[in-house]
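Understanding the architecture of this molecule
So the chains spell out like this:
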Amino acid sequence: MPADWKQSGLRWYWIVVLAFMADQLSKQWILANFDLYESVKLLPVFNLTYVRNYGAAFSFLGDAGGWQRWMFTLVAVGFSVVLTIWLRRLPAAKRLLSVAYTLVIGGALGNLLDRLVHGFVVDFLDFHWQTSHYPAFNIADSAICVGAFLIVWEAFGGDKAQEKPAATKE
C-alpha cells in the first residue's frame, strides 16, 4: 500500500473538488436564473431546462414518498468513502482508475449536497430529438457516468500500458 497521498491515488483527489465545484456552480447559476420548468433552446437537440429530480437516475424512486432521499444520501456517502479508501490503496501511477474514482466521488458529493440542501437534485441538461427528450441530468451525473465508464474500460484492459514492466538493459 502506498505510504502517503503523493504515491497513492489520493494524488488525483483534486478532480473531486473540480467536478464538485463545476456541478455546484452550474446548479447555482440555474437556480438563480431559471424558474422551474423554464427552458432555453441552445441547439436544435439541446436545451437548458430546470427540473427537479427527487429520485435517482431517470427519476428512479422519485415518487416514493421521501424515504429515498435518505437512502440515496447513504449510498452517496458509502460509495464516496469506499472509493476514497480504494484511492488510498491505489498507486498514483494508475491514472485512469484514479480519475474514474474521483469523478464518481465528485459527482456523488455534488448530488448529495443537493439532496441535503434542497431535498431534490437540480437537473438542467436536456438533450432531445424532435419531441422525444432524454431525461434531464447535470454535471454531477455526467461525472458519475464518465467515471463508471472508465472503471469498466479499465476492467477490460484500458490501463494496461501503465502496468508493463520497464525494459531492462543487458
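This report concerns the structure included in the present document. Everything quoted here is computed from the prediction, not taken from an experiment. (Residues numbered from 1 in each chain as written. Predicted model: local features only at pLDDT ≥ 70, side-chain atom pairs only at ≥ 80, totals over all residues. Heavy atoms only, no water.)

Time to look at the overall build of the protein. A count of helices and strands for the protein gives 4 helices and 4 strands. Secondary structure elements of the protein, listed N to C terminal, follow the sequence α-β-β-α-α-β-β-α. Every one of the 170 residues in the protein was classed for burial, and the buried ones make up 40%. Surface exposure of the protein reaches about 10300 Å², of which carbon and sulfur atoms provide 68%. (Helix = DSSP H or I, 4+ residues; strand = E, 2+ residues; numbered from the N terminus. Buried < 20%, exposed > 50% of the residue type's maximum accessible area, 1.4 Å probe, protein only. Areas by Shrake-Rupley, 256 points an atom, 1.4 Å probe, with all protein chains shown as cover.)

Take the packing of aromatic side chains next. Taken as a whole, this structure holds 7 aromatic pairs when the rule is applied. Arranged with centres 5.8 Å apart and planes meeting at 50°, the rings of Trp86 and Tyr101 form a pair that is tilted. Taken together, the residues span a long stretch of sequence, with Trp86 in helix H2 (residues 67-89) and Tyr101 in helix H3 (residues 95-118) at a distance of 15 residues. (Phe/Tyr/Trp six-rings, centres within 6.5 Å; stacked < 30°, edge-to-face > 60°.)

On to the packing of helix H1 (residues 14-33) against helix H4 (residues 139-155). It is at 8 Å that the axes of H1 and H4 come closest, and there the two elements cross at 150°. Relative to H4, the element H1 lies roughly antiparallel. Packed against H1, whose contacting residues are Ala19, Ala22, Asp23, Ser26 and Lys27, the element H4 presents Ile139, Ala140 and Ala143 at the interface. For the contact of H1 with H4, the per-class residue count stands at 5 nonpolar, 1 polar and 2 charged. (Axes fitted to C-alpha atoms, helices over the stretch in contact; angles between N-to-C directions. Parallel < 35°, antiparallel > 145°, perpendicular 65-115°, else oblique. Contact = heavy atoms within 4.5 Å. Nonpolar A, V, L, I, M, F, W, Y, C, P; charged D, E, K, R; others polar.)

A regular strand places its side chains so that they alternate between the two faces of the sheet. Most of strand E2 (residues 46-53) sits out of view: 7 of its 8 residues are buried. Strand direction decides the pairing type here: strand E1 (residues 39-43) and E2, joined by 4 bridges, are antiparallel. Looking at E2, one finds that Ser39 is bridged to Thr49. Where E1 hands over to E2, the hairpin turn is made up of 2 residues, counted between the paired strands. Across 6 bridges, the pairing between E2 and strand E3 (residues 121-129) is antiparallel. Opposite Asn53, over in E3, you have Val121 as the bridge partner. (Pairing = 2+ DSSP bridges.)

On to the pattern of salt bridges. Throughout the structure, instances matching the rule amount to 3 salt bridges. Here Asp23 ties to Lys27 by a salt bridge, and the two come within 2.8 Å at their closest N and O atoms. Separated by 4 residues within a single helix, Asp23 and Lys27 lie in helix H1, roughly one turn from each other. For the pair formed by Asp23 and Lys27, the shared burial category is buried. In this structure, the salt-bridge partner of Glu154 is Lys94, at a minimum N-O distance of 3.0 Å. Taken together, the residues Glu154 in helix H4 and Lys94 in the loop between H2 and H3 connect sequence positions 60 residues apart. (Salt bridge = Lys/Arg side-chain N within 4 Å of Asp/Glu carboxyl O.)

Running from amino to carboxyl end, H1 crosses H3 at an angle of 35°, the nearest separation of the two axes being 7 Å. The element H1 and its partner H3 pack so that their crossing is right-handed. Here Ile15, Val16, Ala19, Phe20, Asp23, Gln24, Lys27, Gln28 and Leu31 of H1 come into contact with H3, specifically with Val99, Thr102, Leu103, Ile105, Gly106, Leu109, Gly110, Asn111, Leu113, Asp114 and His118. Per-class residue counts for the contact of H1 with H3 are 10 nonpolar, 7 polar and 3 charged. (Left-handed = near helix turned anticlockwise from the far one by under 90°.)

Ranked by size, the top nonpolar core spans 10 residues in total: Ile30, Phe34, Phe46, Leu48, Tyr50, Phe120, Val122, Phe124, Leu125 and Phe137. Looking at this core, the elements that each hand over two or more residues are E2 and E3. Leave out the neighbours within four places in its chain, and Leu48 touches Trp29, Phe34, Glu38, Ser39, Val40, Leu42, Phe124 and Leu125. (Core = buried A, V, L, I, M, F, W, Y, C linked by side-chain atoms within 4.5 Å.)

So, to be careful, I would describe these as geometric facts and stop short of saying anything about function.
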